[in-house]
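# Coordinates in review
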Amino acid sequence: MIPTAHIEVKEEGIIAKTVLMPGDPLRAKFIADTFLENVCKFNNVRNIFGYTGTYKGRKISVMASGMGMPSIGIYSYELFNFYGVENIIRIGSCGAYTTDLNLYDVILCTEAWSESSYAKVQSGYEYDTIAASLTLNSKLNKIAEDLGIKVHKNRIHSSDVFYRENFDEYKDIYTHHGCTCVEMESFALFHNANILGKKAACLLTVSDNLVTRELTTSEERQGAFTNMMKIALEMAE
């Protein structure tokens, strides 16, 4: 096996079939340090840390995606296409577009709407909405129920822009497109899964609310997003 430009693995079988993908490399490290046993670090290129270990005796990997669709587009494509990964579950933060969502609520994304040109440029895909894997979502929903963790099953907004000059534009996106929150990666992840015949899902935790202006700190986010991690970790095989 020849390593890709962004992942340095040279041997087959080191990366599990299911990969959890937070944006932050330090969150990937936190998951490996906190939840996994028999851990080996398989990637350090550009400090995009990747780890494989066991959770309750079952193999699983966790690797950061970086921020934004171009970044997760690279890493998810390489994992799917060159390293035999079958399932990627993004676990990240989001900003709520509605008071129906509170800080630290967990969202299971049903589909991602986006203004991004990522999918069109990548393969000519013309539509603005891409669904998550129904198979993975069904499993994740069942796991959440078994763990007693409430999840909101919603359409989300995948944005190319973090700082918008027209801050109130989120209101139109919520009203006209039914997106309850915003993040920056899932549209590209879902697209890559679809074109490569793989599966992708997304669990998000609300880190801020654009309506109420409530915020969490980076320190709070580091340790308080464990519910979505526990759900996703149960997908270990």
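Residues numbered from 1 in each chain as written. Predicted model: local features only at pLDDT ≥ 70, side-chain atom pairs only at ≥ 80, totals over all residues. Heavy atoms only, no water.

## Some details on the packing of helix α2 (residues 69-82) against helix α6 (residues 186-196)
Here α2 crosses α6 at 30°, and the two axes come no closer than 8 Å. In terms of orientation, α2 lies roughly parallel with respect to α6. Taken as a pair, α2 and α6 cross one another with a handedness that is right-handed. Listed contacts from α6 to Met 69, Ile 72, Gly 73, Ser 76, Tyr 77, Phe 80 and Asn 81 of α2 are Phe 187, Ala 188, Leu 189, Asn 192, Ala 193, Ile 195 and Leu 196. Class assignment for the residues of the contact of α2 with α6 results in 10 nonpolar, 4 polar and no charged. (Axes fitted to C-alpha atoms, helices over the stretch in contact; angles between N-to-C directions. Helix = DSSP H or I, 4+ residues; strand = E, 2+ residues; numbered from the N terminus. Parallel < 35°, antiparallel > 145°, perpendicular 65-115°, else oblique. Left-handed = near helix turned anticlockwise from the far one by under 90°. Contact = heavy atoms within 4.5 Å. Nonpolar A, V, L, I, M, F, W, Y, C, P; charged D, E, K, R; others polar.)

## Here we look at the packing of aromatic side chains
Under the defined criterion, the tally for this structure stands at 8 aromatic pairs. Summarising the aromatic geometry, the rings of Tyr 104 and Phe 225 are spaced 6.5 Å apart at their centres and angled 70° between planes, so their arrangement reads as edge-to-face. Within this pair, whereas Tyr 104 is found in the loop between β5 (87-96) and β6 (106-113), its partner Phe 225 is found in the loop between α7 (218-224) and α8 (226-233), the two being separated by 121 residues in sequence. Every member of this aromatic cluster is reached through a ring pair, and the members are Tyr 97, Phe 167 and Tyr 170. (Phe/Tyr/Trp six-rings, centres within 6.5 Å; stacked < 30°, edge-to-face > 60°.)

## Let's talk about α6
Within α6, 8 of the 11 residues are buried, which leaves the element mostly enclosed by the surrounding structure. Positive phi appears at Gly 197, one or two residues downstream of α6, with a value of about 70°. (Buried < 20%, exposed > 50% of the residue type's maximum accessible area, 1.4 Å probe, protein only.)

## Brief notes about the pattern of salt bridges
Opposite charge on two side chains permits them to pair, given that their charged atoms come into close proximity. Counting across every chain of the model gives 12 salt bridges. Glu 234 is the partner of Lys 56 in a salt bridge, and the nearest nitrogen-oxygen pair spans 2.5 Å. One end of the pair, Lys 56, is in the loop between β3 (50-55) and β4 (58-63); the other, Glu 234, is in the segment after α8, and 178 residues separate them in sequence. Close ionic contact of Glu 185 with Arg 90 constitutes a salt bridge, the shortest N to O distance being 2.9 Å. Of the two residues, Glu 185 sits in the loop between β9 (181-183) and α6 while Arg 90 sits in strand β5, which places them 95 residues apart along the sequence. Each member of the pair, Glu 185 together with Arg 90, is buried. Residues participating in the shared-partner salt-bridge network are Lys 56, Arg 58 and Glu 234. (Salt bridge = Lys/Arg side-chain N within 4 Å of Asp/Glu carboxyl O.)

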